[in-house]
Amino acid sequence: MVLTGAEIVIRCLQEEKIEHVFGYPGGAVLHIYDELFKQESVRHVLVRHEQAAVHAADAYARSTGRAGVALVTSGPGVTNAVTGIATAYMDSIPVVIISGQVPVPAIGQDAFQEVDTVGITRPCVKHNFLVKDVRDIAPTMKKAFYLAESGRPGPVLVDIPKDVTAARCEFRYPADISIRSYNPVVKGHQGQIRKALQLIFEAKRPMIYTGGGVTLADASEKLIRFAKSLGAPVTNTLMGLGGFPATDKLFVGMLGMHGTFEANMSMQYCDVLIAIGARFDDRVIGDPAHFGQVPRKIVHIDIDPSSISKRVKVDVPIVGDVGEVLDELNRMLDATAERPDAQAISDWWKQIDAWRTRDCLAYKNSDEIIKPQFVIQKLYEITKGEAFVTSDVGQHQMWAAQYYLFDKPRRWINSGGLGTMGVGIPYAMGVQLAHPGSPVAVVTGEASVQMCIQELSTCKQYRLPIKICNLNNRYLGMVRQWQQLFHGNRYSESYMDSLPDFAKLAEAYGHVGLRIDKPGDVEGALRESFKRKNELVFLDFQVDQTENVYPMVQGGKGLTEMILSSEDL
Amino acid sequence: MRHVISLLLENEAGALSRVSGLFSARAYNIESLTVAPTEDPSLSRMTIVTSGSDDVIEQITKQLNKLIEVVKVVDLSEAAHVERELMLIKVRATGKDREELKRTADIFRGRIIDVTESSYVIELTGDSRKLDAFIEAIDRSLILETVRTGVCGVGRGDRILRL
Ligand SMILES: Cc1ncc(C[n+]2csc(CCOP(=O)(O)OP(=O)(O)O)c2C)c(N)n1
């Protein structure tokens, strides 16, 4: 069948069973939009800014595991999308971005709306392509989805000049694809796995530390089995939350800069550390030299060899899909009665339980003023822990991570690696479209939410009944906290002045807006808003302006050098 | 430590910038980089001379392997290998310098490949130290231009980098 390039693009999306495309039209993609118009199976979601298109596609992927798709025009369409692409890249999220480009003969002529898209996006994609021949569209699209979703996932961009979308050729979607230079290792090395198990059996203080890789590999169930058969404590990174049930007694909480006392202490003082789909980044282990002062053996399982021994030297590297490797470990554990020394493990738990008694997440609640932590706790109660929660970036993000207990993967959607303010609402859009009928909450701050506030309009158009919990402290709270702690209380440009009336703003977009001032009204407002199944509710909580996130490890300090409360200051 | 890293990559537009972009983005050194197609026109062979601690070199090879268009990577300096670099050097050659330059070029097994009344172009191959030594051996003030290709290298004997 002879089709135009634009038709082929749509046919490829159909072949990939893509249901939603998030995008924004413009000159270079008009042929593609014309074809979108003529069919029903791929639904286009018109965002209000291309950044949001990529974020929404990214959240679609985070919450489902399938690649999300964004479609943007050349020039400013692409540059607007870059923040979204970099955000997905840092968290290894499969997204396919289709961008329009000026016609092939115009490339390099400084044509209207021309940018070097492949050049601009090169450092923040897993791979990108410029398709100069209509015959290459189908194989390139196939490669793009394959690359985005396989191995260590990531965003892949396909740049298509306008004349290529108008040209014609025979369409055939390749059934499968192989790329000679790309063969991600899936199965772990048997010998290494056996070596790892030997180390684990000798452990007196084992510790399991897992990250976003467990979620990406859909290996949560396997992780649970593995941890239970060892009886070892488990900690998750910010990206890994939900990979292991937060309400399980083996779970010691999130670790890192705002991790729990018990998680950071057990991470530091374990004797065998099993790192799974995590990358020892600076927000997680703090100063690597300080971390290295305590002797311990490290097993590291990751699909990406370059993540292994990058910041911390490991003893037993295992390159492979974490699900496959966990399966293998579980099989070996099933086949033997050997386990770590029970007495040692029980002593280790005594130590951890002693650390737990510090109750590091305790905070002083108030009858007068709303504490942000209290809002998250109520959100957790009212949604019974079953909501999808997206967040923006700042203190509210950390409180959401600390006080909302995620028992399932793919429920906690946030920008961990890039820390992009503005993701909250677009993330919720992507999640809600992928999971119609499920409760979706956004935890945000008055600064972050304004970075993509225009998407309230998209939410109206597509009737996305998300619940936005704005922890409004009138400060760039996380910035203010650092300035208070490390810059002598000089609050340079961290106060948010001239804020809009968010409730009215939400109403102006056609939604429900509520302002909540008193702690006594928090629960009622949340209940009321989740009852409104078909409406977006913007809850503007006026929270304590001076509350800080604790525990805290200052950037560059050791993992155990924690500030536990304002009394430590 | 200095390392010579050799790679096979897809002979495609943009592959070179992925490699050079990786080096600048991650703040790795490049002392020299050479690239050209191989006997299989779909593949290019690249030689990069870099330096760094063992950890950095390990990351460099891993990160290079991660690039989709990179097919194979070896660190040639891990074992026996040979390196060569080509230099074209244009020198002012007048009066008694003409004889002197010719003699020095002969000692270094260089060849004079262009002659005018006042200049020579001397072609010299060897490892980088030999080329440096030649520059040291002649009168600096006579040098008009130097052009060097950068190092290319190959493993000795059975060490073969191919598909
Ligand atoms: C796009 C972007 N710009 C700047 C920052 C730096 N930054 C991190 S947190 C933060 C403050 C966020 O304030 P708000 O959204 O009100 O949340 P709060 O910390 O008060 O909960 C800033 C400016 C960022 N992460 N992202």
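Quick caveat: nothing in here was measured; it's all calculated off a predicted structure.

Trainee: In this structure, what is going on with the overall build of chain B? I would like to understand it.
Mentor: For chain B, the count of helices and strands is 4 helices and 9 strands. Overall, chain B shows an N-to-C arrangement of helices and strands of β-α-β-β-α-β-β-α-β-β-α-β-β. Expressed along its principal axes, the backbone C-alpha trace of chain B runs to roughly 55 × 35 × 35 Å. Here chain B holds 163 residues, and the buried ones make up 42% of them. Residue pairs in contact within chain B that sit at least 24 positions apart in sequence constitute 73% of those at least 6 positions apart.

Trainee: For this particular structure, what's the right way to read the domain arrangement of chain A?
Mentor: Interface size is often expressed as the accessible area that is lost when the parts come together. Residues and elements named next belong to chain A. Each domain of chain A was delimited in the assignment, giving domain 1 (2–170), domain 2 (190–356) and domain 3 (372–555). Between domain 2 and domain 3, the C-alpha centre-to-centre distance is 31 Å. On the side of domain 3, 24 residues touch domain 2, which itself brings 23 residues to the contact. Interface area, domain 2 with domain 3, both sides summed: about 1700 Å², of which 63% is carbon and sulfur. Contact with domain 3 buries area across many residues of domain 2, yet L238, M257 and H258 alone supply 36% of it, more than any other trio.

Trainee: Any chance you could explain helix α18 (residues 424–434) of chain A here in plain terms?
Mentor: Working note: α-helix, 3.6 residues per turn, so residues spaced by three or four point in the same direction. For α18 of chain A, the buried fraction is high: 10 of the 11 residues fall into the buried class. By the burial criterion, the buried members of α18 of chain A are G424, I425, P426, Y427, A428, M429, G430, V431, Q432 and L433 of chain A.

Trainee: Where do I start with the packing of helix α10 (residues 220–230) of chain A against helix α14 (residues 322–334) of chain A in this structure?
Mentor: To characterise two packed helices, one gives the angle between the axes of the helices and the distance between these axes. All names here are of chain A. As a packed pair, α10 and α14 sit with axes 9 Å apart at the nearest point and diverge in direction by 35°. In the crossing of α10 with α14, the sense of the turn from one axis to the other is left-handed. Between α10 and α14, the contacting residues are K222, L223, R225, F226, S229 and L230 on the first element and G323, L326, D327, L329, N330, L333 and D334 on the second.

Trainee: For this particular structure, what's the right way to read the site of the ligand?
Mentor: Residues and elements named next belong to chain A. Surrounding the ligand, one finds 17 residues, the nearest of these being Q395, H396, G419, S448 and G477. At 3.1 Å, a backbone N or O of Y475 approaches an oxygen atom of the ligand. The backbone of G477 places a nitrogen or oxygen atom 2.7 Å from an oxygen atom of the ligand. Burial of the ligand by the protein chains amounts to 76% of its free accessible area of 590 Å². Of all the secondary-structure elements, those providing two or more residues to the shell around the ligand are α17 (395–403) and α20 (477–486). Counting residues per element, the shell around the ligand draws most heavily on α20, at 3 residues.

Definitions and limits used
Residues numbered from 1 in each chain as written. Chains lettered and ligands numbered in written order. Predicted model: local features only at pLDDT ≥ 70, side-chain atom pairs only at ≥ 80, totals over all residues. Heavy atoms only, no water. Helix = DSSP H or I, 4+ residues; strand = E, 2+ residues; numbered from the N terminus. Buried < 20%, exposed > 50% of the residue type's maximum accessible area, 1.4 Å probe, protein only. Contact = heavy atoms within 4.5 Å. Domains from an automatic or database assignment. Buried area = accessible area lost by both parts, 1.4 Å probe. Axes fitted to C-alpha atoms, helices over the stretch in contact; angles between N-to-C directions. Left-handed = near helix turned anticlockwise from the far one by under 90°. Near = heavy atom within 4 Å. Polar contact = N/O pair within 3.5 Å; in protein donor to acceptor, adjacent residues only side chain to side chain. Areas by Shrake-Rupley, 256 points an atom, 1.4 Å probe, with all protein chains shown as cover.

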